[in-house]
Amino acid sequence: MMDRYSLLEKIGLYIAIAIFLTFVLLPFFEMFMTSLRPLDHLRSAPYKFWSDEFSFDAYSNMWVTVPKLGRYIFNGVFIAGAVTVLAMIFVVPAAYAFARFEFKGKAVTLSLFLAVNMFAGAVLLIPLYRVLRTLGLLNTYFAMIIPGAAFLVPMGIWLLKSYLEKIPKELEEAAYVDGASKMYTLRRVMLPLAAPGLVVVGVSVFIGAYAQQYLFAITFNQNSDYMPLPAGVFEFIGYQDVVWNEMMAASLVGVLPVMLIFLFMQRFLIAGLTAGAIKE
Amino acid sequence: MGKSLPKALSSQSTFAWLLIAPAAAYLCLIVVWPLLETVRLSFTDANIGGESYVGLANYEKLANSKKFADTIGRTFYWMFISVSLKLVLGLLGASLLNAKIPGRAAFRVLVMPPWIIPIAIGCLGWLWLYNGQFGLLSGALQWLGIIDGPFEFLAYKRSAFYSAIVTDVWVGTPMISIFFLAALQGVSTDLYEAAYVDGASRWYRFRRITLPQIFPVIVSMALLSAIWTFNSFEIVWILTEGGPRSATTTLIIDTYKTAIASFKFGPGAARAVVIVVLLSVFAFVYMVVLKKLEKRFGSK
């Protein structure tokens with residue numbers, strides 16, 4: 001009843017959504033259109049909205065212009081995946097502790113964790129560079145994975161903690177009464193119940209890791225074999241020329257794997273955030 | 001039973017600390033130790049050659065620099081405008097996505113790409129859009145007759161600044177929308193139904209039920225977003241590298257340029273420390289003001 005909209009309201013809603021989506025999708029639309037046009041056509045002034053020579057040539061030529069493109073795409077997904085695994089190893093036990101146990105200094109410790117959000121990687125680059133050099137990790141995958149995960153751990157703990165707090169305590173207590181150890185309870189009772197929450201947090205961490213690779217990649221890694229797409233895609237900018245059409249094609253193809261994964265996960269994500277992220 | 005309680009508690013807290021220890025140790029290595037090291041470096045003139053203690057010299061230079069004061073002002077201005085836009089658009093987007101109309105599921109998916117893809121990739125798209133000769137925006141404005149010739153969005157101080165803000169808002173809004181959407185769905189429908197029965201208009205319901213109910217989420221997202229926006233690096237770096245003539249140089253860009261691009265580790269570290277101090281003060285003041293407001297208006 002109350003969710004029913006009049007025709008006028010409906011039209012208004014759709015127009016507003018259309019404007020909002022235009023803003024959100026405009027760069028992608030233009031990237032796609034650019035990838036279809038020949039380079040000399042892109043460089044014609046005045047700007048032309050339409051072209052007679054659309055082709056998918058850029059999608060095959062890009063692998064030749066930047067031979068390691070496939071590797072870069074793989075590296076981007078691989079690094080984000082590794083960051084997610086590493087971050088979750090730290091997130092799961094800590095979130096469980098914050099959600100389930102009362103102990104001295106809990107509030108302070110949690111705030112200290114959250115305070116890590118205040119430090120962007122860029123602020124700590126100089127000493128991080130030295131740490132990585134001392135450990136001999138510069139110009140390896142680890143140079144991007146190890147610092148990348150650190151800045152996602154606090155958010156992960158916070159999200160998962162709020163999710164775990166929603167799981168009734170009685171279930172664990174029942175396990176204790178039956179003589180199960182704390183570790184056993186965590187593994188066999190809590191983890192299965194928390195699975196949807198773990199997926200949500202894992203996907204959020206992955207998105208964060210995938211979106212923010214650029215800084216560590218350009219600062220800590222010079223080896224093109226380990227370069228992720230956000231850094232590697234700049235190879236389309238040559239000394240003389242920017243191969244815009246191929247760069248846009250590579251960008252779109254490069255993010256496709258993650259977009260597809262995400263498409264399958266998104267329902268889960270929204271539902272999980274609804275269940276977990278709301279503080280009462 | 002009564003006797004074993006303290007023991008149970010202490011073993012419980014030992015177990016809790018054991019669970020937290022790995023994360024804490026890891027963050028100490030990657031965040032806390034580098035932070036302390038940054039503080040130490042800020043009192044030196046460290047560069048690639050070596051380092052020696054210079055006391056407060058780096059800070060004195062910053063304190064006497066008009067340019068640095070401008071950078072601080074610019075950074076707060078950047079944060080304020082960008083976060084305000086993100087919150088307003090995020091709330092608007094969340095409300096639109098929450099409306100029960102056909103196509104809702106598809107709209108929710110379509111909003112997310114800027115959040116999912118690497119920030120650097122999205123920036124490339126904007127870099128191309130802002131191109132004066134060949135970009136869509138300049139082309140469209142010429143076609144509409146608003147401008148006469150090509151307009152390079154990133155070539156002029158003011159237009160570069162606001163162009164970077166638009167891109168920052170574009171990157172940040174989807175995530176905020178989704179979190180607000182999650183919050184909206186958490187609001188009990190009973191409240192709305194009661195208000196509806198009482199004849200409350202949709203706008204009234206939004207103001208008097210929705211906003212107060214999701215207020216805690218708005219407040220925490222605002223703080224988080226403010227910190228992220230303050231520290232936003234990739235967008236400005238890819239679009240303008242801080243130019244033209246420092247128009248888009250925020251503190252984080254200034255720090256990166258000093259420390260990494262010109263290898264002045266000492267002065268760069270001093271800038272990093274200033275960022276941390278400013279953000280800590282900002283977060284502290286934000287929370288104090290919030291507590292005061294909560295007390296005065298007694299909303300929970």
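Residues numbered from 1 in each chain as written. Chains lettered and ligands numbered in written order. Predicted model: local features only at pLDDT ≥ 70, side-chain atom pairs only at ≥ 80, totals over all residues.

Undergrad: Talk me through the overall build of chain A; I want residue IDs and the actual numbers.
TA: Helix and strand counts for chain A stand at 13 helices and 0 strands. The helix and strand sequence of chain A, counted from the amino end, reads α-α-α-α-α-α-α-α-α-α-α-α-α. For 280 residues, the compact-globule formula gives about 19 Å, and the C-alpha radius of gyration of chain A, at 24 Å, lies well above that figure. Each principal axis of the C-alpha distribution contributes one length, and for chain A these read about 75 × 65 × 30 Å. (Helix = DSSP H or I, 4+ residues; strand = E, 2+ residues; numbered from the N terminus. Rg over C-alpha atoms; globule rule 2.2 N^0.38 Å.)

Undergrad: How would you sum up the overall build of chain B? Please name residues and give values.
TA: Of regular secondary structure, chain B possesses 13 helices and 0 strands. Counting from the amino terminus, helix and strand elements in chain B follow one another as α-α-α-α-α-α-α-α-α-α-α-α-α. For 300 residues, the compact-globule estimate of 2.2 N^0.38 gives 19 Å, and chain B exceeds it by more than 25% at 24 Å. Principal-axis analysis of the C-alpha atoms gives chain B an extent of 80 × 70 × 35 Å. Looking at chain B as a whole, 42% of its 300 residues qualify as buried. Counting only contacts in chain B whose residues sit at least 6 apart along the sequence, the fraction spanning at least 24 positions is 66%. (Buried ≥ 20, exposed ≤ 12 C-beta atoms within 10 Å, placed from the backbone. Contact = placed C-beta atoms within 7 Å.)

Undergrad: Talk me through the interface of chain B and chain A; I want residue IDs and the actual numbers.
TA: Contacts between the two partners involve 84 residues from chain B, matched on the other side by 78 residues from chain A. It is helix H1 (residues 4-41) of chain B that provides the largest number of residues to the side of chain B that touches chain A, a total of 18 residues. Of the residues in the side of chain B that touches chain A, the class split is 63 nonpolar, 16 polar and 5 charged. (Nonpolar A, V, L, I, M, F, W, Y, C, P; charged D, E, K, R; others polar.)

Undergrad: Can you lay out helix H6 (residues 125-134) of chain A for me, pointing to particular residues and giving the numbers?
TA: When we look at burial in H6(A), the residues that qualify are Leu125(A), Ile126(A), Pro127(A), Leu128(A) and Leu132(A). The positive-phi residue at the C-terminal boundary of H6(A) is Gly136(A), with phi of around 70°.

Undergrad: Please set out the confidence of the model for chain B residue by residue, giving values where relevant.
TA: All names here are of chain B. Residues with a pLDDT of 70 or more make up 95% of chain B, whose mean pLDDT is 88. Looking across chain B, the model is least confident in helix H9 (residues 189-197), with a mean pLDDT of 82, and most confident in helix H3 (residues 66-98), with 95. Here residues 1-5 is modelled with pLDDT under 50, and outside its nearest four sequence neighbours on either side it reaches 0 contacts, counting other chains as well. Per the prediction output, this complex has pTM 0.89; the corresponding ipTM is 0.87. (pLDDT = per-residue confidence, 0-100.)

Undergrad: Give me the nonpolar core: which residues, what numbers.
TA: Residues Ala87(A), Val91(A), Ala94(A), Val153(A) and Ile157(A) are the most contacted members of the largest nonpolar core, which totals 167 residues. Tallying contributions element by element places helix H4 (residues 69-100) of chain A first for this core, with 17 residues. Aside from chain neighbours lying at most four places away, what touches Val91(A) is Val153(A), Gly156(A), Ile157(A), Leu160(A), Val201(A) and Ala23(B). (Core = buried A, V, L, I, M, F, W, Y, C linked by C-beta atoms within 7 Å.)

Undergrad: Mind laying out the confidence of the model for chain A, listing which residues take part and the relevant values?
TA: Low pLDDT means the predicted coordinates in that region are not meant to be read closely. Residues with a pLDDT of 70 or more make up 95% of chain A, whose mean pLDDT is 86. Looking over chain A, one finds the lowest element-wise mean pLDDT in helix H2 (residues 39-42) of chain A, namely 78, and the highest in H4(A), namely 93.

Undergrad: For the environment of Gly266(B), give the residues involved together with the corresponding values.
TA: All names here are of chain B. As for its position among the elements, Gly-266 is in helix H13 (residues 265-297). Classification of Gly-266 by C-beta neighbours within 10 Å gives buried; the count is 23. For the pair Gly-266 and Glu-51, spaced 215 residues apart in sequence, the C-alpha separation works out to 8.1 Å. Beyond its immediate stretch of four places on either side in the chain, Gly-266 contacts Leu-41, Ser-42, Thr-44, Asp-45, Ala-46, Glu-51, Val-54 and Asn-58.

Undergrad: How would you sum up the environment of Tyr256(B)? Please name residues and give values.
TA: Within the secondary structure layout, Tyr256(B) lies in helix H12 (residues 251-261). In this structure Tyr256(B) comes out as buried when scored by C-beta crowding, with 26 C-beta atoms within 10 Å. Along the primary structure Tyr256(B) and Ala195(B) are separated by 61 residues, whereas in three dimensions their C-alpha atoms are 53 Å apart. Residues within four places of Tyr256(B) in sequence aside, it is in contact with Ala122(A), Phe233(B) and Ala261(B).

Undergrad: Describe in detail the packing of H4(A) against helix H7 (residues 142-150) of chain A, supporting the description with residues and values.
TA: Residues and elements named next belong to chain A. Running from amino to carboxyl end, H4 crosses H7 at an angle of 50°, the nearest separation of the two axes being 9 Å. Judged by the inter-axis angle, H4 sits oblique to H7. Two packed elements cross with a definite hand, and for H4 against H7 that hand is right-handed. Where H4 approaches H7, its residues Ile-79, Ala-82, Val-83, Leu-86 and Ala-87 are matched on the opposing element by Met-144, Ile-145, Gly-148 and Ala-149. Considered class by class, the residues forming the contact of H4 with H7 number 8 nonpolar, 1 polar and no charged. (Axes fitted to C-alpha atoms, helices over the stretch in contact; angles between N-to-C directions. Parallel < 35°, antiparallel > 145°, perpendicular 65-115°, else oblique. Left-handed = near helix turned anticlockwise from the far one by under 90°.)

Undergrad: Hey, could you go over the environment of Ile165(B) for me, with residue numbers and the actual values?
TA: All names here are of chain B. Mapping Ile-165 onto the fold places it in helix H8 (residues 157-186). Considered as a pair, Ile-165 and Thr-75 are 90 residues apart in the sequence and their alpha carbons are 11 Å apart. Excluding residues within four positions of it along the chain, Ile-165 makes contact with Trp-78, Ile-81 and Ser-82.

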